[in-house]
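# Structural overview for review
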Amino acid sequence: GARPTPKKVHPCPPAGAAPRQKHAVLGGGDPGLDRAAASRRKAIERTLDLHGLTQVEAHRQLLRFIGAAAEDGVRLALVITGKGRAASTSGTARQGVLKTRFLDWIEAAPLHAAIARVSPAHPRDGGAGAFYVFLKAKSARERPRS
């Protein structure tokens, strides 16, 4: 007979899958930058806290924040998304919506052009509910206007 179709399609990878492969900017590049940020050898120049916002509000604030930071020559920012609910009453883990959406937003235009890489923050800076955002140098982003 025919196999039953799944009731719900899960956009997130199954447990055990490497989520870093979906989001190219996450963890790519220089891991030494992560260590420098976590140890505070590289200063966090700006912080944005998105948790508690709707997706629309969070996206709007992220666009403004990254745009202004890039314009000001900021190289390292911290974005706090929140962890989401670690476990629901049914015991199933659920990744935060803003955390997931943040990773999608930074890979899309116009944010992708300003971001060199993103990595999970050290526990002292928010851990699983926050990300270090390494911005490209201003000269690397500038293009001749047509």
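Just so we're clear, the structure is a prediction, and the values are computed from it rather than from any experiment. (Residues numbered from 1 in each chain as written. Predicted model: local features only at pLDDT ≥ 70, side-chain atom pairs only at ≥ 80, totals over all residues. Heavy atoms only, no water.)

## Digging into the overall build of the protein chain
Put simply, the rule is: Secondary structure is summarised from DSSP: a helix means a run of H or I of at least four residues, a strand means a run of E of at least two, and numbering begins at the N terminus for each. Buried means the residue's accessible area, taken with a 1.4 Å probe over protein chains only, is under 20% of the maximum for its type, while exposed means over 50%, and partly exposed covers the values in between. Here the accessible surface of atoms and residues is derived via Shrake-Rupley with a 1.4 Å probe, and residues count as covered only by protein chains that are part of the display.
Scanning the protein chain from N- to C-terminus turns up four helices and four strands. Scanning the protein chain from its N terminus toward the C terminus, one meets helices and strands in the order α-β-α-β-α-β-β-α. When the 146 residues of the protein chain are sorted by exposure, 33% land in the buried category. For the protein chain, the computed accessible surface area is about 9,300 Å², with 54% contributed by carbon and sulfur atoms.

## Looking at the sheet that holds strand E1 (residues 46–49)
How we decide: Note: two strands are recorded as paired if DSSP finds a minimum of 2 bridges between them. Orientation is described by axes fitted as lines to C-alpha atoms, over the contacting stretch for helices, and by angles from 0 to 180 degrees between their N-to-C directions. Throughout, a contact is declared for two residues whenever any of their heavy atoms are within 4.5 Å.
Taken in spatial order, the four strands of this open sheet run E1-E2-E4-E3, and their pairing is mixed. Because the sheet does not close on itself, it has two edges, and the strands there are E1 and strand E3 (115–120). Taken pair by pair, the neighbouring strands of this sheet meet at an average axis angle of 20 degrees, ignoring direction. For strand E2 (residues 76–80) and strand E4 (residues 130–135), the ladder comprises five bridges, and the chain directions are antiparallel. Opposite alanine 77, over in E4, you have valine 133 as the bridge partner. Sitting on the sheet, helix H1 (residues 31–38) is in contact with E2, E3 and E4, with an inclination near 120 degrees to E4.

## Notes on the nonpolar core
Basically, it comes down to this: For the purposes of this section, nonpolar cores are sets of buried Ala, Val, Leu, Ile, Met, Phe, Trp, Tyr and Cys residues that join through side-chain atoms within 4.5 Å.
Leu62, Ile66, Phe102, Ile106, Ile115, Val133 and Leu135 are the most contacted members of the largest nonpolar core, which has 23 residues in total. For this core, the secondary structure elements donating two or more residues are helix H2 (55–71), E2, helix H3 (97–105), E3 and E4. Discounting chain neighbours no more than four positions away, the residues touching valine 133 are Ile66, Arg75, Leu76, Ala77, Val79, Phe102, Ile115, Arg117 and Val118. Membership of the second largest hydrophobic core comes to nine residues, among which are Ala38, Leu78, Ile80 and Ala121.

## A word on unusual backbone geometry
In this chain, alanine 109 is followed by proline 110 through a cis amide linkage whose omega measures 0 degrees. Summarising the element assignment, proline 110 is placed in the loop between H3 and E3. The phi torsion at arginine 40 lies on the positive side, around 70 degrees, for a residue other than glycine. The topology assignment puts arginine 40 in the loop between H1 and E1.

Nothing here speaks to function; it is geometry throughout.
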